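Observations on the model geometry
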Amino acid sequence: MTRPVRVAIVGAGPAGIYAADALLKSEVCQDPGVSIDLFERMPAPFGLIRYGVAPDHPRIKGIVKALHQVLDKPQIRLFGNVSYPHDIGLDDLRSFYDAVIFSTGAEADRALDIPGIELDGSYGAAEFVSWYDGHPEVPRTWPLTAEKVAVLGVGNVALDVARVLAKTADELLPTEIPDNVYQGLKANKALEVHVFGRRGPAQAKFSPMELRELDHSPNIEVIVNPEDIEYDEGSIATRRENKQANMVAQTLENWAIRDVGDRPHKLFLHFFESPVEIVGEDGKVTALRTERTELDGTGNVRGTGRFTDWDMQSVYRAVGYYSEELPKLPFDVASGTVPHEAGRVIAGDEHMASVYVTGWIKRGPIGLIGHTKGDANETVACVLEDRAAGRLAEPATPAPEAVEAFLEGRNVRYTTWEGWHKLDAHEQALGAAQGRERIKVVEREGMLDASGAFVPAELPSEA
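For every chain, the first residue of the written sequence is number 1, and numbering continues from 1 onward in sequence order. Per-residue local features of the predicted model are confined to residues with pLDDT of at least 70, and side-chain atom pairs are confined, for both listing and counting, to 80 or more; whole-chain, interface and lining totals are unaffected and use all residues. Excluded from the side-chain calculation are hydrogens and water; included are all heavy atoms of the structure.

**Overview of the packing of aromatic side chains**
Stacked, tilted and edge-to-face are the three classes applied to pairs of Phe, Tyr and Trp rings, where Trp contributes its six-membered ring and a pair requires centres within 6.5 Å; stacked means planes under 30 degrees apart, edge-to-face means over 60, and tilted covers the rest. Tallied over the entire structure, the rule returns 20 aromatic pairs. Between Phe 196 and Trp 310, the aromatic rings sit 5.2 Å apart at their centres with planes inclined by 70°, giving edge-to-face as the arrangement. Placement of the pair is Phe 196 in strand β8 (residues 192–196) and Trp 310 in strand β13 (residues 301–311), with a sequence separation of 114 residues. Ring geometry for Tyr 414 against Phe 454: centres 5.4 Å apart, planes inclined by 20°, an arrangement best described as stacked. By the criteria applied, helices consist of DSSP H or I runs no shorter than four residues and strands consist of E runs no shorter than two, each listed in order from the N terminus.

**A short note on the layout of surface pockets**
Empty space within the second largest pocket amounts to approximately 740 Å³. Those elements giving two or more residues to the lining of the second largest pocket turn out to be α1 (14–24), β2 (34–40), α3 (47–51) and α7 (125–132). Its residues assigned to classes, the lining of the second largest pocket comprises 19 nonpolar, 16 polar and five charged. Space inside and on the surface of the protein is sampled on a 1 Å grid over the protein atoms alone, with a cavity defined as a set of points where a 1.4 Å probe fits but cannot get out and a pocket as an open set with protein on both sides within 12 Å along at least 5 of 7 lines; lining residues have an atom within 4 Å of a point. Grid points are joined across faces, edges and corners, and a volume is the space filled by probe spheres set on the points. Throughout, the ten residues Ala, Val, Leu, Ile, Met, Phe, Trp, Tyr, Cys and Pro are labelled nonpolar, Asp, Glu, Lys and Arg are labelled charged, and all others, Gly among them, are labelled polar.

**Section: the UniProt feature "domain: FAD/NAD(P)-binding" (unreviewed entry) in the chain**
The feature "domain: FAD/NAD(P)-binding" (unreviewed entry), as annotated in UniProt, sits at residues 6–171 in this numbering. Secondary structure over residues 6–171 splits into 37% helix and 19% strand, and the C-alpha atoms at its two ends are 46 Å apart. UniProt positions are given in the numbering used here, feature names are shortened, and annotations may be inferred rather than shown by experiment.

**Let's talk about the environment of Ser 35**
If you trace the backbone, Ser 35 turns up in strand β2. Each residue's exposure class comes from its accessible area (1.4 Å probe, protein chains only) as a fraction of the maximum for that residue type: buried when under 20%, exposed when over 50%, partly exposed otherwise. Of the residues examined, Ser 35 reaches a relative accessible area of 14% and is grouped as buried. For the pair Ser 35 and Ala 287, spaced 252 residues apart in sequence, the C-alpha to C-alpha distance is 55 Å. Contacts are residue-level and defined by heavy atoms, with any inter-residue pair within 4.5 Å sufficient. Excluding its chain neighbours within four sequence positions, the residues that come into contact with Ser 35 are Pro 4, Val 5, Arg 6, Val 7, Gln 75 and Pro 400.

**Quick look at the sheet that holds strand β14 (residues 314–317)**
Paired strands are those between which DSSP finds at least two bridges. With respect to topology, six strands assemble into an open sheet ordered β6-β14-β7-β8-β10-β9, the strand pairing being parallel. Across the chains shown, the open sheet's two edge strands, defined by having one partner strand only, are β6 (122–124) and β9 (220–224). If you compare each strand with its neighbour and ignore which way they point, the axes differ by 20° on average. Orientation is described by axes fitted as lines to C-alpha atoms, over the contacting stretch for helices, and by angles from 0 to 180 degrees between their N-to-C directions. Sitting on the sheet, α7 touches β6 and β14, and the angle it makes with β6 is about 70°.

**Description of helix α16 (residues 401–409)**
Three or more residues of α16 are buried, namely Ala 402, Val 403, Phe 406 and Leu 407. For α16, the arc enclosing every buried residue in end-on projection is 130°, short of the 170-degree limit, so these residues lie on one face. Opposite the buried face of α16, by more than 90 degrees, sit the exposed residues Glu 401 and Gly 409. Those residues of α16 that are buried are in contact with β1 (5–10), β2, β3 (76–80) and α6 (90–96). The first or second residue beyond α16 is Asn 411, which carries a positive phi of 55°. To be clear, the arc concerns the directions from the helix axis to the C-beta atoms.

**Focus on the nonpolar core**
Here, the term nonpolar core denotes a set of buried Ala, Val, Leu, Ile, Met, Phe, Trp, Tyr and Cys residues that are joined through side-chain atoms within 4.5 Å. Counting residues in hydrophobic clusters, the biggest one holds 51 residues, and the most contacted among them are Phe 128, Val 151, Leu 165, Leu 211, Leu 267, Leu 269 and Tyr 316. At seven residues, the largest contribution of residues to this core is made by helix α8 (residues 156–166). Ignoring any residue separated from it by four or fewer positions in sequence, one finds Phe 128 in contact with Trp 142, Leu 144, Val 161, Val 164, Leu 165 and Tyr 316. Core analysis: the next-biggest nonpolar cluster, separate from the first, contains 44 residues, Ala 22, Ile 76, Ile 101 and Ala 450 among them.

**A closer look at the pattern of salt bridges**
Only one rule defines a salt bridge in this text: a Lys or Arg side-chain nitrogen within 4 Å of an Asp or Glu carboxyl oxygen. Taken as a whole and judged by the stated rule, the model has 40 salt bridges. The partner of Arg 163 in a salt bridge is Glu 210, with the nearest N and O atoms 3.7 Å apart. In this pair, Arg 163 is assigned in helix α8 and Glu 210 in helix α11 (residues 208–213), connecting sequence segments 47 residues apart. Here the salt bridges share partners, and the residues they tie into one network are Arg 50, Glu 176, Asp 424, Glu 427, Arg 438 and Lys 440.

What follows is the structure, encoded as structure tokens:
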């Protein structure tokens with residue numbers, strides 16, 4: 001093969017960009033070279049960082065700078081606002097590329113099968129995150145009328161949701177939140193936010209830094225019940241073997257023994273409380289019912305048969321994300337992932353030729369953003385191994401310009417990497433006008449206009 005190896009990556013979040021970076025650093029990039037096209041459903045790249053990270057976490061959003069350096073490489077092109085499979089399908093991709101890598105992530109909420117989950121006032125955390133992060137495909141308003149709110153889960157997403165609900169709108173104004181989010185949070189009536197976990201402090205999945213950030217707000221009083229600080233042999237072993245778990249436990253211990261202050265918003269962290277029902281009246285949430293649990297010696301818990309009804313008007317479940325099924329690819333409903341071996345997609349008992357996965361669609365929504373680098377390296381290694389063994393299918397039309405002609409022929413209004421720079425500058429200009437670093441554009445058409453997206457030719461009217 002004398003031409004560059006052509007690779008399509010579906011999904012331009014961290015996982016997809018890390019895969020592109022791994023390809024660029026491989027030997028094949030030197031000879032015969034590599035040509036990479038990233039396809040992204042949103043008009044802007046960066047996936048989880050743009051639409052899944054809380055706006056008051058600029059440290060994490062700083063990862064964008066490193067991703068920028070990858071996308072700036074001349075071997076990479078970005079096609080934004082291109083939806084799989086509506087705008088381009090698997091057969092189309094195979095006709096243009098030697099290999100196709102799916103890195104579509106996970107945006108939906110994992111289901112929680114307890115009574116009352118369907119009540120008005122019961123929400124998925126992912127829905128709320130999409131709202132405050134200005135996702136183009138969600139409503140522009142959010143009901144924030146509850147004074148007492150429950151958040152189910154003890155991971156970082158639960159902390160993000162709890163923190164945004166407990167902070168004042170003015171605390172978040174210096175961030176990139178859109179104007180509609182600021183106005184919505186100004187009307188927020190929440191005075192108490194309660195985070196519930198069914199196991200103990202040693203089993204919490206918080207990152208130590210993220211947990212400590214809760215206490216930095218002048219408006220949030222973090223409260224931990226001393227009775228919830230309990231460990232068994234399994235918990236002690238976890239603390240001994242896991243530095244982060246030990247740091248989390250130490251922070252919770254310190255909060256449990258201090259006096260409660262007078263900050264106006266209270267944020268309670270509850271452990272050993274397993275949600276069993278969302279109680280409602282007239283179709284609306286009125287309470288959360290939990291069963292008290294106890295440690296069994298191994299770090300796991302069992303129910304005690306003691307139940308508590310907590311007065312709540314809203315419940316947010318932060319029990320994990322779930323990936324959407326990808327047409328023409330196999331899907332494991334239980335795990336929400338595409339079956340694979342080291343990134344090679346498996347259909348039945350065979351590998352799908354030239355089709356791969358990486359990121360959360362590959363391993364599930366676990367781990368931090370940086371963990372996707374290992375996924376990407378493993379998947380790209382398989383791509384290169386299959387190329388060396390002659391297992392990649394030869395594309396019918398490998399010329400790069402054929403992709404643009406295909407999309408334009410289907411009247412797809414796509415954006416480019418150059419268009420992202422225009423949108424980026426536009427958002428920064430909006431922010432500067434209000435003395436802020438940037439203000440995120442949320443409407444899809446506004447993003448397309450600001451990025452100078454391709455404008456399809458007007459379709460001929462029917463006679």
